[in-house]
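Single-letter residue listing:
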Amino acid sequence: MDRWISSYGTLKWRFCFSRMSQILLILLYLVCNVGCQIRYSIPEEMKKGSLVGNIASDLGINVQRLRSGRARIVTGENSQYAELKADKGMFVVNERVDREKLCGDMTPCSFSFDLILENPMELHHITVEVLDMNDNSPFFHQHDMQLTIGESAAPGARFVLPTANDPDVGVNGLQEYYLSPNDNFVLKTHSNSDGRKYAEMVLEKPLDRERHPNLSLKLIAVDGGTPQKSGTVNIEIFVLDANDNSPVFNQTVYKASVREHAPKGTYIITVNATDADSGSNGLIYYSFSKMQGSIDGIFDIDKITGVISLSGSIDFEKNKKYEIGIEASDQGALTDSSKVIVDVIDLNDNPPVINVMSLTSPIAEDSPPGTTIGIINVKDLDSGDNGHVNCRIEQNTPFKVKSGLRNYYTLVTDALLDHRESVSDYNITVIASDAGTPALSTKKNFNIKISDVNDNAPVFPQAVYSAYVVENNSPGVSVLTLRAKDPDENQNARISYILEDTDIGASPISEYISVNAESGVIHAVKSFDYEQIKQLVFMVRAQDGGSPPLSSNVSVRILIQDQNDNPPQVLYPVQTGGSMVAEMVPRSADVGYLVTKVVAVDVDSGQNAWLSYKLQKATDRALFEVGLQNGEIRTVRQVSDKDAVKQRLSVIVEDNGQPSRSATVIVNVAVADSFPEVLSEFTDFAQDKEYNDNLTFYLVLALAVVSFLFITCLVVIVSVKIYRWRQSRILYHSSLPVIPYYPPRYSDTLGTGTLQHVYNYEVCRTTDSRKSDCKLGRAASQNVLIMEPSSTGTMQRIQSDKSILDEPDSPLE
């Protein structure tokens, strides 16, 4: 017993040292071929976030390349045990790795994944070996075992003991069996072809049922981990008499095969053993050994016939081969063991699986052929031809699938894409099919959207836009709305309207109108005046928001419409504030005698400038009439001696606008044959209108001065200009202003509402009458009386401007 404990302690120390060496060792090697393969080693049960390796340093890749290439890992069907920290270029543990769950008893245990980078595409295969930790104790599938052994059993008889299972591998796995000390049995340990250890109990000293009818032993299984762990099973031995031959199998190893997914009850193989004993001692029973506890749920053995059949489902992708331990025992509990190896035949039962690694959508409509759209990974879990996959696109589209690196394919453009304006997206179907019989396939649909490129300029539906606006409009009023269309989309179709720089006269167009950049509405900046500007012609540019932007121009013409905003202006007779103009009509005037003509203009246009003349008031309405269209004032009857000398006419001039505007002019007419006859009348009239009684003194003084100057002027004129004496006017001394008389020689030829002749009368006097000068123009066509009362009593210059009267369309300055 002491020797066993000492040996057990030494073995435990040796295993502990070996395990510590394995945990501290991390093996890294790099193999490059097309893509690069890297292998790391990590212990199982590492915490999440623990460092696996510096992938950037190991691959010689800059960390910036990992970011720009959108580096990512693809694990396929496995759990993602590792995570890429692209910003640091490191792989870390993503979740705890249980080596036993991942690989079972397979060794070495590893999981792999692919590192993919884009632009250009790179593929690196990374394998991470998971090193075993001693986290599992050896265990038996049964806690107690009963054996019945005949006392006649000869020394050297073997008894197969339960096999312990330890999910750990290597030094952490099952290392040794120990049997509790006894006098009859020793323990021998053996290894299967797969390295699995099992123990046999060998009879060393014959049993004596009379001394020991039963024995209680313990079988201990220990591993080599640190700390060392163990499992125990109790063995109860019952001793019988007289069975001295054990069963013997006719083969040490049996081999068979079965198709995966075969139905339950499928025949596998028949095992056979013989026993030299006869009778009940030679009756053999077959059973599965306790080496693999999971076999019972998959296979079944007939304990009498030894026929092995299928009792569960098998999958080639999970297990490709099964090793089954068989035992044959007789009535005397003598046994023999053998092994059955069952190979699983693969069927094409797995269709290809398509995984999208990356997909670029939308893509630009001007993408050249060969542009990579996406990367897909296709896997088939079957083997051989059943796992050989081919990819293609089902429709006739400008795309194709290119074979890439080991199970990876790229989806690229095969031709120039149609304009997005006609085809905005494509629905393509990728078919992956294997080479099995019958072949299995998988379809994957992709919707590829085409993104817009700014290849269309905005277009106006009209080449020229015209609009009308009435003058005197309110500033800010909407005049016209421009609409351009752009078949592009989003920002490329966002149109801005820009007013082109143009000068109207000496001012920029922006002082007159503005254009809303978003809506294209043209607004009037200020109120327009038709009399100043008749129309605005300018250009508006429509520009999209693309890069670079595209644009087009359109011409806009805004016509200003006239309003009746100007009243008529009377050009003749001139209305002055301090003088009176009187037209003389001789008493011998006949019916239709042209007294004068009212001349007026209107700066408006069209019907707003059509003028009509009406007699509003008159001293004697039966004596005069006014021409409706030409403004001529004529007598309507014969002038008589009973008619008053002083006649006052009020003429109204109206335009044809809506509403109409008008102006009123006062025409004074003197009915007399000579000037002296009317002087008193018009003097009184002037005094009544312009002066009050307080100015009488000044008026008398003025008349005296005027009379003196008049006489002086007369003497000078007679002396110096005798040859013009016939044309001079009779001057006489009076207390009233002197009014020259001109016989009527008025002649109208056109009757268009304007005066065709010019009459200039100029009387110049100084305080020295000998230096006075009197200039008389050519004979007037009618008599005009102009009286301007003045404090000095002098007669001022009277002039009719021919340029104004001869040009009816000229504005009155």
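Because the structure is a prediction, the values reported are computed rather than measured.

**Q** In this structure, what is going on with the overall build of the protein? I would like to understand it.
**A** When helices and strands are tallied, the protein shows seven helices and 54 strands. The buried share among the 813 residues of the protein stands at 45%. Looking at the protein alone, contacts between residues at least 24 apart form 68% of all its contacts between residues at least 6 apart. Counting every atom, the protein has about 41,400 Å² of accessible surface; 51% of that belongs to carbon and sulfur.

**Q** It is not clear to me how the state of the cysteines should be interpreted in this structure. Could you clarify?
**A** Two cysteines whose sulfur atoms are joined by a covalent bond form what is called a disulfide. A full pass over the atoms with the stated rule returns one disulfide. Note that cysteine 103 is cross-linked by a disulfide to cysteine 109, the S-S spacing being 2.0 Å. Disulfide cysteine 103 to cysteine 109: torsion about the S-S bond roughly 75 degrees, handedness right-handed. For cysteine 109, a relative accessible area of 2% gives the class buried.

**Q** I tried to follow the side chain of serine 180 on my own but got confused; where do I start?
**A** Mapped onto the elements of the fold, serine 180 is located in the loop between strand S11 (174–179) and strand S12 (185–191). The residues contacting serine 180, other than those within four sequence positions of it, are Leu217 and Lys218.

**Q** Explain the nonpolar core to me, please; I cannot follow it from the model alone.
**A** The tendency in soluble globular proteins is for nonpolar side chains to be buried as a group. Membership of the largest hydrophobic core comes to 29 residues, with the highest contact counts inside it found for Leu482, Ile513, Leu536, Phe538, Val556 and Ile558. Elements represented by at least two residues in this core include exactly strand S33 (464–470), strand S34 (478–481), strand S35 (496–499), strand S38 (513–515), strand S39 (521–524), strand S40 (535–543) and strand S41 (551–561). In this view, isoleucine 558 contacts Ala467, Val469, Val479, Ile513, Ile522, Lys534, Gln535, Leu536 and Phe538; residues no more than four positions away in its chain are not counted.

**Q** Teacher, can you tell me more about a nonpolar patch on the surface here?
**A** Together, Phe697, Tyr698, Leu701 and Val705 make up an exposed nonpolar region whose accessible area comes to about 430 Å². Structurally, leucine 701 can be placed in helix H6 (residues 696–720). With relative accessibility at 46%, the residue leucine 701 sits in the partly exposed group.

**Q** Sorry, what's going on with the sheet that holds strand S31 (residues 425–434) here?
**A** Sheet strands line up and pair through hydrogen bonds in the backbone, either parallel or antiparallel. Taken together, four strands build an open sheet; the order of strands is S26-S32-S31-S28 and the sheet is mixed. On the outer flanks of this sheet lie strand S26 (363–364) and strand S28 (389–393), each paired with one strand and no other. Two elements, S31 and strand S32 (residues 441–451), share nine bridges in a ladder whose sense is antiparallel. What sits directly across from alanine 432, in S32, is threonine 442.

**Q** Would you mind going over the environment of aspartate 296 with me for this structure?
**A** Looking at the secondary structure, you find aspartate 296 in the loop between strand S20 (285–288) and strand S21 (299–301). Sequence separation between aspartate 296 and isoleucine 324 is 28 residues, and the spatial gap between their C-alpha atoms is 9.7 Å. Not counting residues within four places of it along the chain, the set of residues in contact with aspartate 296 comprises Phe288 and Ser311.

**Q** Explanation requested: the packing of aromatic side chains in the structure shown.
**A** Two aromatic rings are characterised by how far apart their centres lie and by the angle between their planes. What the rule picks out here adds up to 10 aromatic pairs. With a centroid separation of 5.4 Å and 75 degrees between ring planes, the pair formed by phenylalanine 299 and tyrosine 322 is classed as edge-to-face. Of this pair, phenylalanine 299 sits in strand S21 while tyrosine 322 is found in strand S23 (residues 321–329), placing the two residues 23 residues apart along the sequence. Among the residues examined, phenylalanine 299 registers a relative accessible area of 1% and is labelled buried. When the centroid spacing of 5.5 Å and the interplanar angle of 75 degrees are considered together, the rings of phenylalanine 399 and tyrosine 426 count as edge-to-face. Here the residue phenylalanine 399 occupies a position in strand S29 (residues 399–403), and tyrosine 426 occupies one in strand S31, the gap between them amounting to 27 residues.

**Q** Could you clarify how one ought to interpret the sheet that holds S23 in this entry?
**A** Taken in spatial order, the four strands line up as S17-S24-S23-S20 in an open sheet, and their pairing is mixed. Of all strands in the sheet, those bounded by a partner on one side alone are strand S17 (253–259) and S20. Going across the sheet, the axis of each strand differs from the next one's by a mean of 30 degrees, ignoring polarity. The pairing of S17 with strand S24 (residues 335–345) spans seven bridges and is parallel. Looking at the pairing, tyrosine 254 lines up with valine 340 of S24.

**Q** Could you clarify how one ought to interpret the pattern of salt bridges in this entry?
**A** It is possible for side chains bearing opposite charge to pair when their charged atoms get close. Within the structure shown, the criterion is met by 17 salt bridges. Its salt-bridge partner being arginine 158, residue glutamate 200 comes within 3.6 Å of it at the nearest N-O pair. Remark: arginine 158 occurs in strand S10 (residues 158–160) and glutamate 200 occurs in strand S13 (residues 197–203); sequence separation between them is 42 residues. Classification of glutamate 200 as buried rests on a relative accessible area of 4%. On the accessibility criterion, arginine 158 (47% relative accessible area) is partly exposed. Residue glutamate 323 is joined to lysine 339 by a salt bridge in which the shortest nitrogen-to-oxygen separation is 3.9 Å. In this pair, glutamate 323 sits in strand S23 while lysine 339 sits in strand S24, placing the two residues 16 residues apart along the sequence. You'll find glutamate 323 and lysine 339 in the same group, each marked buried. Salt bridges here are not isolated pairs; linked through shared partners, they connect Arg70, Arg72 and Glu118.

Analysis parameters
Residue numbering note: each chain is counted from 1, following its sequence as written. Two thresholds apply to this predicted model, a pLDDT of at least 70 for residue-level local features and 80 or more for giving and counting side-chain atom pairs, whereas whole-chain, interface and lining totals are computed over all residues. Computation of side-chain values: all heavy atoms of the structure, hydrogens and water removed. For the purposes of this entry, the term helix denotes a DSSP run of H or I that reaches at least four residues, the term strand denotes a run of E that reaches at least two, and both are numbered from the N terminus. Accessibility here uses a 1.4 Å probe with only protein chains present; expressed as a share of the type maximum, an area under 20% marks a residue as buried, one over 50% as exposed, and anything in between as partly exposed. Two residues qualify as a contact provided that any one of their heavy atoms is within 4.5 Å of a heavy atom in the partner residue. Surface exposure here means Shrake-Rupley accessible area, sampled with a 1.4 Å probe, where a residue is shielded only by the protein chains that are shown. Throughout, disulfides are identified as pairs of cysteine sulfur atoms within 2.5 Å of each other. Take the buried Ala, Val, Leu, Ile, Met, Phe, Trp, Tyr and Cys residues and link them wherever side-chain atoms come within 4.5 Å; each set so joined is a nonpolar core. Nonpolar side chains (Val, Leu, Ile, Met, Phe, Trp, Tyr) within 5 Å and like charges within 9 Å form the patches, drawn only from residues with over 30% relative accessible area and no salt bridge. Any Lys or Arg side-chain nitrogen found within 4 Å of a carboxyl oxygen on Asp or Glu counts as a salt bridge. Strand pairing is assigned whenever DSSP detects at least two bridges linking the two strands. Only the six-membered ring of Trp is used, alongside the rings of Phe and Tyr, when aromatic pairs are assigned; centres must lie within 6.5 Å, and planes under 30 degrees apart are stacked while those over 60 apart are edge-to-face, with the rest tilted. Interaxial angles span 0 to 180 degrees and are taken between N-to-C directions of axes, which are lines fitted to C-alpha atoms, for helices over the stretch in contact.

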